[in-house]
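Examining the three-dimensional arrangement
These are the residues of each chain, in order.
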Amino acid sequence: MSEDAGSGSNSLQGRGLDSGCRQPFASTSRNGAVPEHQQRRLAGGQGRQRPLEAANEGGDGEEEESEEEPGQGSERAEPDGNHTDRRMLRHQYRQLINRVQQNREDMLSSKSNSLTDALQEANKLFSGVSQAREAALDAQFLVLASNLGKEKANELHSEMTVFDSPAFAEDLLTFMGLNRLEGEENDSDDESIASGFLPNNAWHKLGAEAERYFRRSPSFHYMLGSFKADPPVPRQRIERQKRKAGTEEKRAMPAQLKKMEESHQEATEKEVERILGLLQTYFKDDPNIPISFFDFVIDPSSFARTVENIFHVSFIIRDGFARIKLDQDKLPVIEPSHEEEGRENDQNAQVRNQAVISLSHQDWKDIVETFEITEPMIPPPGISQENES
Amino acid sequence: MAQKRRGKGPGPSQGEDPAGDEDYALTQSASQVRRNLERLSPAQVDQKVSELVQYLLVKDQKKIPIKRADILKNVIKDYRGVYSEIIKRAGRTLQQVFGLQLMEIDPKHHIYILVSILPRLEVDNLKQDDCTAKLGLLTVILSFLFMKGNAAKESAVWETLRRLRVDPGVRHEVFGDVKKLVTEEFVRQKYLEYNRIPHTDPPEFEFQWGARAAKETSKMQILRFVAKIQNKDPKAWSTQYTEAAAEEAAAGGLFQDISTPGDTGGASQGARRRTR
């Protein structure tokens, strides 16, 4: 930030800047207009070396040498080395810095000399500076003043060929097609915003003109999108054809769908009902002899159907339409339950047991052999479905 | 089957490129690059060049400058040893096929943009979209900045824009969040620079031209724009004209006056013209 410290030298009146050697102890020429001051400082500079050396021998920091200053007081503007004065000085510096910061606009105005005044004030303050701490504040002020000086110089520069930005704005609006309403008094002094109706494409119009002054690369987009071009094209054609024949087809489809839905959702239920019906039919013939479970469910020709049968029978058992028991030989038998005391009560009253039947392919084969099952008691569902559809 | 050459040092797939390795691979001498090139088949190198061309074109859509680090990570990968050759060829392809110039706008951080080298069509009814409108706004800002001495305080810029019914506090029907557009999007695209003014409290900012603006247009072009809008001769602003002419002269006449709308002296035929 201090790179601008030395730049604005010409525009700052009456103050030669020497950014290289800002040492309060050396005899720099700070203000050519005040030679007496300079001489005094020169003498003071030389005089100051003694207490410095003394302080260094003492090994203390600079702050501690205040007690040794009194001897040199006569040649320097600064009175005997007191914290109070230095504190006052720092306070004044800070005030000055604050003032400059607060009144920035005023400082920058080309009509005012306040920046120069501030500089001169700082110059005066500087005469009282002897320690690094105050010098640092002075340096801080210097940076601030230099930046302001640079800004001020910039403003001077552009004012040489005045650019009237309000007029530019007006011309822009005209170009963009502002439709100024007639009959409205336009006090451009009071209103910074022109009245009138700006069309929607105003900025586009301006942008189109602006494009001609740029070398922008056009935005690159794949013409057919980022994916391979082939699939989208056929899809569109199909869609069009579908739409045309759509109305007729739609009528046909629901009927088919319904049937399919029925068969999917209710297939299981239907199967279960069917099997229950079969079971009851069989039992009518032989009401007293329970049917062997295996005889009932096993399909000697298909293991899969056997498993399905067991699955469907389990529903029947769950709903209480049939029971499975073990007979004297510890083989499972199945019989429909006759009690009609309210199936629901049955389900609650009866002890419900759960069992897991595992049946491997090998088991199934063994059972078929052992029980000599040749025909399934539950006919496969395929046959009956064909009848339905 | 040509074998793929292994990259030097930890591969880019690690996600970060140790700066040392990146620079090492890239600062190889021309002869080293040539040797690396010989180890690869022409088809492999061509493939990489094509990939880079496509990558640059797509990355340029949003007009956000492309970083070399991204190029290395996403495209070059193991072919770092021939990076300079690949980028050279890609630049050539872009020039010859697309009429675009690959320019490095930041030699320190290695950031690239694409700029058109074709003359602009003097035709109406070119496609207009949001980008067009945004360019209009940007041009107003760039004009203001240049005519006011190449920099302006943010408050001054907004003051001018308010006259055009663009207010940072109000949602604009074309631009939406204008403040964000101007202070973020344009800055990210490097059209504008948005810097803090030192010693201001509360902090104030100033705008300047960005590196992309400097390449895609010029002071003279913007001066001509202003002149057109205000129906005056560019020389009416002597300081600015002098400055613009100086910039043109310094640029050495490369890519000058590609489009000189309203300029009766010598139409540009797409060939490079020296400055007058």
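Residues numbered from 1 in each chain as written. Chains lettered and ligands numbered in written order. Predicted model: local features only at pLDDT ≥ 70, side-chain atom pairs only at ≥ 80, totals over all residues. Heavy atoms only, no water.

1. A short note on the packing of helix α6 (residues 165–176) of chain A against helix α10 (residues 219–230) of chain B
Geometry of a packed helix pair, given as the angle between the helix axes and the separation of the axes. As a packed pair, α6 of chain A and α10 of chain B sit with axes 8 Å apart at the nearest point and diverge in direction by 70°. Overall, the two elements α6 of chain A and α10 of chain B adopt an arrangement that is roughly perpendicular. For the pair formed by α6 of chain A and α10 of chain B, the contact residues are Ala167, Phe168, Asp171, Leu172 and Phe175 of chain A on the first element and Phe225, Val226, Ile229 and Gln230 of chain B on the second. Residue composition of the contact of α6 of chain A with α10 of chain B, grouped by class: seven nonpolar, one polar and one charged. (Axes fitted to C-alpha atoms, helices over the stretch in contact; angles between N-to-C directions. Helix = DSSP H or I, 4+ residues; strand = E, 2+ residues; numbered from the N terminus. Parallel < 35°, antiparallel > 145°, perpendicular 65-115°, else oblique. Contact = heavy atoms within 4.5 Å. Nonpolar A, V, L, I, M, F, W, Y, C, P; charged D, E, K, R; others polar.)

2. Comments concerning the environment of valine 187 of chain B
All names here are of chain B. Note that valine 187 resides in helix α8 (residues 178–188). A C-alpha to C-alpha distance of 9.5 Å links valine 187 and phenylalanine 207, two positions 20 residues apart in sequence. Apart from residues lying up to four places away in sequence, valine 187 is in contact with Val182, Leu192 and Tyr194.

3. Considerations on the interface of chain A and chain B
Across the contact, 51 residues belong to chain A and 70 residues belong to chain B. Both sides together, the interface formed by chain A and chain B hides about 5,500 Å², and carbon and sulfur atoms give 60% of it. Counting the surface chain A buries against chain B, the share from its top three residues, Trp203, Tyr213 and Arg215 of chain A, is 18%. At the boundary of chain A with chain B, the tally comes to two salt bridges. Here lysine 228 of chain B and glutamate 209 of chain A are joined by a salt bridge, their closest N and O atoms 3.1 Å apart. Here chain A and chain B share twelve residue pairs in polar contact (both at pLDDT 80 or more) between them. Secondary structure elements with two or more residues in the side of chain A that touches chain B: α3 (104–108), α5 (132–160), α6 and α7 (202–211) of chain A. The biggest single contributor to the side of chain A that touches chain B is α6 of chain A, with ten residues. Broken down by class, the residue content of the side of chain A that touches chain B amounts to 27 nonpolar, 15 polar and nine charged. (Buried area = accessible area lost by both parts, 1.4 Å probe. Salt bridge = Lys/Arg side-chain N within 4 Å of Asp/Glu carboxyl O. Polar contact = N/O pair within 3.5 Å; in protein donor to acceptor, adjacent residues only side chain to side chain.)

4. What to know about the environment of alanine 304 of chain A
All names here are of chain A. Relative to the assigned elements, alanine 304 resides in helix α10 (residues 303–318). Its relative accessible area of 51% is what places alanine 304 among the exposed residues. Once the C-alpha coordinates of alanine 304 and histidine 361 are considered, the two residues, 57 residues apart in sequence, prove to be 9.3 Å apart. (Buried < 20%, exposed > 50% of the residue type's maximum accessible area, 1.4 Å probe, protein only.)

5. What to know about the sheet that holds strand β3 (residues 111–116) of chain B
All names here are of chain B. Read across the open sheet, the three strands follow the order β1-β3-β2; overall the sheet is antiparallel. Of all the strands in the sheet, the pair left with one neighbour each is β1 (66–67) and β2 (100–106). Sheet topology note: the β2/β3 ladder contains six bridges and is antiparallel. For glutamine 101, the partnering residue across the bridge sits in β3 and is valine 115. (Pairing = 2+ DSSP bridges.)

6. Some thoughts on the packing of aromatic side chains
When we look at a pair of aromatic rings, we describe it by the centre distance and by the angle of the planes. The tally for this structure, following the rule as stated, stands at 13 aromatic pairs over all chains. When the centroid spacing of 6.4 Å and the interplanar angle of 90° are considered together, the rings of tyrosine 282 of chain A and phenylalanine 296 of chain A count as edge-to-face. Highlighted residues: tyrosine 282 of chain A in helix α8 (residues 232–285) and phenylalanine 296 of chain A in helix α9 (residues 293–297), separated in sequence by 14 residues. The class of tyrosine 282 of chain A is partly exposed, set by a relative accessible area of 28%. Given the relative accessible area of 0%, phenylalanine 296 of chain A is considered buried. Taken together, a centroid distance of 6.5 Å and an interplanar angle of 85° make the contact between phenylalanine 186 of chain B and tyrosine 191 of chain B edge-to-face. (Phe/Tyr/Trp six-rings, centres within 6.5 Å; stacked < 30°, edge-to-face > 60°.)

7. Let's talk about the pattern of salt bridges
Scanning the entire structure with this criterion turns up 24 salt bridges over all chains. Linking arginine 120 of chain B and glutamate 211 of chain A is a salt bridge whose minimum nitrogen-to-oxygen distance equals 3.7 Å. One end of the pair, arginine 120 of chain B, is in the loop between β3 and α6 (130–147); the other, glutamate 211 of chain A, is in helix α7, on a second chain. By relative accessible area, arginine 120 of chain B is classed as partly exposed at 22%. By relative accessible area, which is 14% here, glutamate 211 of chain A ends up buried. Among the ionic pairs, glutamate 154 of chain B bridges to lysine 179 of chain B, the shortest N-O distance being 3.0 Å. Here glutamate 154 of chain B, found in helix α7 (residues 154–163), pairs with lysine 179 of chain B, found in helix α8; they are 25 residues apart in sequence, far enough to count as distant. A residue is classified by how much of its surface remains accessible, and glutamate 154 of chain B, at 10% relative accessible area, is buried. One network of salt bridges, with partners in common, ties together Asp46, Glu85, Lys88 and Arg89 of chain B.

8. A short note on unusual backbone geometry
All names here are of chain A. With phi around 65°, lysine 330 is a residue other than glycine that occupies positive phi space. Mapped onto the fold, lysine 330 is located in the loop between β2 (322–326) and β3 (332–336). By relative accessible area, which is 63% here, lysine 330 ends up exposed. Unlike most non-glycine residues, glutamate 372 shows phi in positive territory, near 50°. Along the chain, the position of glutamate 372 falls in the loop between α12 (361–371) and α13 (381–388). Exposure remark for glutamate 372: the relative accessible area of 65% places this residue in the exposed category.

9. A few points about helix α5 (residues 83–98) of chain B
The terminal C-alpha atoms of α5 of chain B lie 21 Å apart, and with 16 residues this matches the ideal 22 Å at 1.5 Å per residue to within 8%. A positive phi of about 70° marks glycine 99 of chain B, the residue just after α5 of chain B. (Expected span 1.5 Å × (residues − 1).)

10. Topic: the side chain of histidine 312 of chain A
All names here are of chain A. Relative to the assigned elements, histidine 312 resides in helix α10. Residue classification places histidine 312 among the buried positions, given a relative accessible area of 5%. For histidine 312, the residues in contact, after removing those within four places along its chain, are Thr268, Glu271, Val272 and Ile275.

11. Re the layout of surface pockets
Computed from the structure, the largest pocket encloses a volume of approximately 1,300 Å³. In terms of lining residues, the largest pocket is bounded by 44 residues, among which Glu211, Arg216 and Pro218 of chain A together with Arg120 and Lys127 of chain B are the most central. Of all the secondary-structure elements, those providing two or more residues to the lining of the largest pocket are α7 of chain A together with α6 and α8 of chain B. No other element matches α6 of chain B, which puts five residues into the lining of the largest pocket. Considering only residue class, the lining of the largest pocket consists of 18 nonpolar, ten polar and 16 charged. Both domains that meet at the lining of the largest pocket, namely domain 1 (30–116) and domain 2 (130–252) of chain B, each give it at least three residues. (1 Å grid on protein atoms, 1.4 Å probe; cavity = no way out; pocket = protein on both sides within 12 Å on 5 of 7 lines; lining within 4 Å. Points joined across faces, edges and corners; volume = space filled by probe spheres on them. Domains from an automatic or database assignment.)

12. Overview of α10 of chain B
Taking 1.5 Å per residue, twelve residues should reach 16 Å; α10 of chain B reaches 16 Å between its end C-alpha atoms and fits that length. In terms of burial, α10 of chain B is a largely internal element, eleven of the twelve residues being buried. Listed as buried for α10 of chain B are Lys219, Met220, Gln221, Ile222, Leu223, Arg224, Phe225, Val226, Ala227, Ile229 and Gln230 of chain B. The elements touched by buried residues of α10 of chain B are α6 and α7 of chain A together with α6, β6 (204–209) and α11 (238–251) of chain B. Within two residues after α10 of chain B, asparagine 231 of chain B carries a phi angle of roughly 60°, on the positive side.

13. Digging into the pairing of β3 of chain B
All names here are of chain B. Of all six residues making up β3, six are buried, and the element is well covered by its neighbours. Of the two faces of β3, the one carrying Ile111, Ile113 and Val115 and the one carrying Tyr112, Leu114 and Ser116 are both buried. Bridge count for β1 against β3 is two bridges, and the pairing is antiparallel. When the bridges of β3 are listed, isoleucine 66 appears paired with tyrosine 112. Between β2 and β3, which pair antiparallel in sequence order, lie four residues; one of them, histidine 110, sits at a positive phi of approximately 55°.

Everything listed is a geometric property; what it means functionally is a separate question.
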